[in-house]
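# Structure at a glance
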Amino acid sequence: MRAFWAALSLLVIAGVAEVEAQTYPSRPITLVVPFPPGGSTDAAARIMAERMRATLGQSIVIENVGGAGGSIGVGRVARAAPDGYTFDIGQWDTHVGSIIYKLDYDLEKDFEPIALISNNPQLMVAKKDLPANTLGELVTWMKANPGKINFVNQNAAANVTGVMFEKLTRQKVQFIPYRGAGPAMTDLVAGTVDLLVVQGAVALPQIRAGAIKALANLSVARSASMPDIPTADETGVPGLYMSGWFGFWAPKGTPREIIAKLNAATVEALADPAIQKRFTELGLDVAPRAQQTPEGLAAFQKAEIDKWWPIIKSAGIGVQAQ
């Protein structure tokens, strides 16, 4: 008899979940941005939320939860109810690089991928009066002036890039810790620091204004949103790559039907020429259609983890470096 009631309970729960999935969404949805307002992550989230509202028929409320390199906000999503009413916009730092923190959730097991949104070129930029205009020229200058270049270390991505740069060029840089790209960019413009690795969306306004200069796009190929900036391969340091991207994740256990609805809204938004134009203005490249699926994002994240975790661990990069 006890087994009968247990089985009946499971059927009832399954039935309720199925009904909820069919009527989803019936109230506003929360999109967690794991960084403070004003950055490119926040901007992309708001652009997508506004367009997805038209498809879903419910508003998407942005909740900025900053701290610990985005891991606090992502943890909020990991612990949320898997009902489709909470999801996050993540990136390399939050869903790959955050292993530098002691996490109380599993990046590979505690989330349901929804879609890859964009590829975000990372740029190595320099103060405008640095006596080098390409990475090759920079390495030549460093050989003649050892120990005179400093490198901003504002997050895991910057730290890893700096370590890779040292290994590929056999030149040393002086790492200077910063709490964020905003303060670092302010000091780069002022000429206080020499080098910064940052998303193109953050750097482009200052590059266009002539306040700083771009040495290289750290993507494998040139970006459609900034085609005039050459890659590291083209400018003298082959193999110096750093990933940048945005994706949507929901808590583990979110029903497949709900994931499918969120994915459909995402895909529809990314196909909108108006959204594509706004992304280009931000220096973001819309993700390939094949990666705009849960399976595409899962495979993409797995490849990123397999590539970067060994590098991070072998370099001994941790919170103390932040």
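Description of the structure in this document. (Residues numbered from 1 in each chain as written. Predicted model: local features only at pLDDT ≥ 70, side-chain atom pairs only at ≥ 80, totals over all residues. Heavy atoms only, no water.)

As a further point, take the layout of surface pockets. The volume enclosed by the largest pocket comes to roughly 890 Å³. Around the largest pocket sit 42 residues that line it, and F35, N155, R179, G180 and A181 are the ones nearest its centre. In the lining of the largest pocket, the residues fall into 18 nonpolar, 21 polar and three charged. Its volume calculated, the second largest pocket comes out at about 340 Å³. Around the second largest pocket sit 21 residues that line it, and N119, S219, V220, S243 and G244 are the ones nearest its centre. Partitioning the lining of the second largest pocket into residue classes produces nine nonpolar, eight polar and four charged. (1 Å grid on protein atoms, 1.4 Å probe; cavity = no way out; pocket = protein on both sides within 12 Å on 5 of 7 lines; lining within 4 Å. Points joined across faces, edges and corners; volume = space filled by probe spheres on them. Nonpolar A, V, L, I, M, F, W, Y, C, P; charged D, E, K, R; others polar.)

Turning our attention to the packing of helix 2 (residues 40–56) against helix 10 (residues 256–270). Running from amino to carboxyl end, helix 2 crosses helix 10 at an angle of 120°, the nearest separation of the two axes being 9 Å. Considering the angle they form, helix 2 stands oblique to helix 10. As for the relative orientation of helix 2 and helix 10, their crossing is right-handed in sense. Between helix 2 and helix 10, the contacting residues are M48, R51, M52, T55 and L56 on the first element and K261, L262, A265, T266, E268, A269 and L270 on the second. For the contact of helix 2 with helix 10, the class distribution of residues is seven nonpolar, two polar and three charged. (Axes fitted to C-alpha atoms, helices over the stretch in contact; angles between N-to-C directions. Helix = DSSP H or I, 4+ residues; strand = E, 2+ residues; numbered from the N terminus. Parallel < 35°, antiparallel > 145°, perpendicular 65-115°, else oblique. Left-handed = near helix turned anticlockwise from the far one by under 90°. Contact = heavy atoms within 4.5 Å.)

Attention now moves to the pattern of salt bridges. Enumeration over the complete set of coordinates arrives at twelve salt bridges. Of the charged contacts, one joins K252 and E112 as a salt bridge, the two residues approaching to 3.7 Å between their closest N and O atoms. On the criterion of sequence distance, the pair formed by K252 in the loop between strand 10 (245–251) and helix 10 and E112 in strand 4 (residues 111–119) is long-range, its members being 140 residues apart. Residue K252 is classed as partly exposed on the basis of its relative accessible area, which comes to 48%. Judged by relative accessible area, which is 19%, E112 ranks as buried. Across the pair E281 and K277 runs a salt bridge whose closest N-O atoms are separated by 2.6 Å. (Salt bridge = Lys/Arg side-chain N within 4 Å of Asp/Glu carboxyl O. Buried < 20%, exposed > 50% of the residue type's maximum accessible area, 1.4 Å probe, protein only.)

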